[in-house]
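Here's the letter readout for the chains.
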Amino acid sequence: MSIGVAILGSTGSIGCSTLQVLARQRERFRVVALTAHSNAELLERQAAEWKPAYLGLVNGGKRGSGPGARGSGASCLVEAATHPDVRIVVNGIVGAAGLEATLAALSAGKRVALANKETLVMAGELVTRAAREGGGEIVPVDSEHSAVLQCTAGRGRAELARLILTASGGPFRTWPPERIAAATVAEALRHPTWKMGRKITVDSATLVNKALEVIEAHFLFGLEYDAVDVVVHPQSVVHAFVEFVDGSVLAQVGFPTMELPILYALTYPARVPDAGTRRFDPVAAGSLTFEAVAPETYPAYRLGRAAATSGGTAPTAFNAANEVAVRLFLEGAIPFGRIAATIARVLETGRPGAADTLEAVLAADAGARRLAREAACS
Ligand code: NAD
Ligand code: MG
């Protein structure tokens, strides 16, 4: 019997890559539910091919016809995530909108293959608690965290000493700070090694993405923040290093593709044959280089690390401020340099509290968004 999968955000970069993987694994998995925000046309095409039992379009009403149930509005995400025939929920939603569905899926005992890292940053305590109490499990899709999981499979937490996550450094790695501050949207969207959605591509240019990933790693693997390091590695071939207590280090390598970490999140802890991705070739990979993170190039990265160590709702505020600032940048309302400045203002102004209830987290998120809109445009 094949395993039922729900894909939240099926029209996005992660969602489309997931369907690409599933197209090669049809005997193991079947698509039970698909959801999208507003791209009704692509969603209908996917539905025609995969015939899911449930189809959800957040913004667009119950349009279209076809077999299976249809839902709309934000509630369709939870309906898809908790569908009784679903065993694995691939959460490929961008931003805080994915939180409720992740919590619901984990509480219903399902596996969440999590690409939607913002929700683990926003509400790490709640999400990990929902998994513990509901019997669900969080398996990372993010390539760095998949690499860590692959290197640590079968090893206990007590044997782990340190993680080193790699960052490509984005398109502005070699630019002087004044030029970066004035970078255009088109320049920020020109990622050197990965093709992804717009928000995460901007996050890679500011290195906010890596700060989010440090927090993600803390909640996934239970390491203190001083045991999660980051190194810039422009080739994106080494996805992460794991140092063990005896000093030995393992790394996971491969040409950049999200299809491998997506497949692993679906089959973990097993591996299955798959011929879809380019096989690794060290000679073709060529020279691999590593550099320290330059603080003047990536001011927002330091802000994210500081919010992480503050704890409580500080990461919630960091994420919310960044989501608002990136949206304004993509709309052309603020310059690139204003993203970090906005986050800094929000973190200076707001006071972090405990992040152990949904009400507290949602209030911190809303408060930070309000502050960010004021700070960005003042
Ligand atoms: P994307 O913009 O390409 O796709 C986002 C998807 O989410 C779309 O299907 C959209 O319909 C849906 N969506 C957006 N807003 C929504 C809302 N309010 N309610 C419901 N659905 C909504 O983004 P992406 O690049 O696929 O990234 C998705 C997530 O995966 C992000 O959290 C990102 O950080 C993470 N991630 C992406 C990659 C990658 O290679 N693309 C790699 C690692 C992690
Ligand atoms: Mg990543």
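Since the model is a prediction, treat every value here as computed from it, not as a measurement. (Residues numbered from 1 in each chain as written. Chains lettered and ligands numbered in written order. Predicted model: local features only at pLDDT ≥ 70, side-chain atom pairs only at ≥ 80, totals over all residues. Heavy atoms only, no water.)

### What about the sheet that holds strand 9 (residues 228-232)?
- Taken together, the four strands give an open sheet; going across it, the order is 9-8-10-11, and neighbouring strands pair in mixed fashion. Both edges of this open sheet fall to strand 9 and strand 11 (249-253), since each of them pairs with a single strand only. Each strand of the sheet is rotated relative to its neighbour by a mean of 20°, with strand direction disregarded.
- Pairing between strand 8 (residues 160-167) and strand 10 (residues 238-244): five bridges, direction antiparallel. Looking across to strand 10, one finds that Leu165 is bridged to Ala240.
- Where helix 7 (residues 143-152) meets the sheet, its contacts fall on strand 8, strand 10 and strand 11, and the angle it forms with strand 10 comes to roughly 40°.
- Packed onto the sheet, helix 11 (residues 208-221) meets strand 8 and strand 9 and runs at close to 150° relative to strand 8. (Pairing = 2+ DSSP bridges. Helix = DSSP H or I, 4+ residues; strand = E, 2+ residues; numbered from the N terminus. Axes fitted to C-alpha atoms, helices over the stretch in contact; angles between N-to-C directions. Contact = heavy atoms within 4.5 Å.)

### Some words on the pairing of strand 10
- With seven of its seven residues buried, strand 10 lies for the most part within the structure.
- Bridge count for strand 10 against strand 11 is five bridges, and the pairing is antiparallel. Bridge pairing in strand 11 links Val238 to Val253.
- Between strand 10 and strand 11, which pair antiparallel one after the other, the connecting turn spans four residues, and Gly247 there sits at a positive phi close to 95°. (Buried < 20%, exposed > 50% of the residue type's maximum accessible area, 1.4 Å probe, protein only.)

### Regarding unusual backbone geometry
- Tyr268 connects to Pro269 through a cis peptide bond whose omega is 5°.
- Mapping Pro269 onto the fold places it in the loop between helix 12 (259-267) and helix 13 (282-285).
- Positive phi is not limited to glycine here, since Leu207 has a value of about 70°.
- Phi is positive for Ser236, which is not a glycine, with a value near 50°.

### Some details on the domain arrangement of the chain
- Domain boundaries assigned for the chain yield domain 1 (3-140), domain 2 (142-256 + 281-295) and domain 3 (311-378).
- Contact residues are listed per partner, giving eleven residues for domain 1 and twelve residues for domain 3.
- Here domain 1 and domain 3 share an interface that buries about 850 Å² over both sides, 63% of which is from carbon and sulfur atoms.
- Linking domain 1 with domain 3 are zero salt bridges, by the criterion used here.
- Linking domain 1 with domain 3 are three residue pairs in polar contact (both at pLDDT 80 or more), by the criterion used here.
- Contributing elements (two or more residues each) for the side of domain 1 that touches domain 3: helix 4 (99-107), helix 5 (117-122) and helix 6 (124-134).
- When grouped by side-chain class, the residues that make up the side of domain 1 that touches domain 3 number seven nonpolar, one polar and three charged. (Domains from an automatic or database assignment. Buried area = accessible area lost by both parts, 1.4 Å probe. Salt bridge = Lys/Arg side-chain N within 4 Å of Asp/Glu carboxyl O. Polar contact = N/O pair within 3.5 Å; in protein donor to acceptor, adjacent residues only side chain to side chain. Nonpolar A, V, L, I, M, F, W, Y, C, P; charged D, E, K, R; others polar.)

### Looking at the environment of Ser10
- Relative to the helices and strands, Ser10 resides in the loop between strand 1 (3-8) and helix 1 (13-23).
- The exposure class assigned to Ser10 is buried, which follows from its relative accessible area of 0%.
- Spatially, the C-alpha atoms of Ser10 and Gly286 are 34 Å apart, while their sequence positions differ by 276 residues.
- Sequence-distant contacts of Ser10, defined by excluding residues within four places in its chain, comprise Gly15, Cys16, Leu19, Leu34, Thr35, Leu43 and Gln46.
- Separated by 2.7 Å, the side chains of Ser10 and Gln46 make a polar contact.

### With respect to the site of ligand 1
- Taken together, 23 residues surround ligand 1, and among them Thr11, Ser13, His37, Glu118 and Gly197 come closest.
- Within the backbone of Gly9, one N or O atom sits 3.1 Å away from an oxygen atom of ligand 1.
- Taking Ile14, its main chain carries an N or O atom lying 2.9 Å from an oxygen atom of ligand 1.
- The protein chains hide 86% of the 820 Å² of surface that ligand 1 would expose on its own.
- Counting residues per element, the ones that place at least two in the shell around ligand 1 are helix 1 and helix 5.
- A per-class count over the shell around ligand 1 returns eleven nonpolar, nine polar and three charged.
- Looking at the shell around ligand 1, you find at least three residues from each of domain 1 (3-140) and domain 2 (142-256 + 281-295). (Near = heavy atom within 4 Å. Areas by Shrake-Rupley, 256 points an atom, 1.4 Å probe, with all protein chains shown as cover.)

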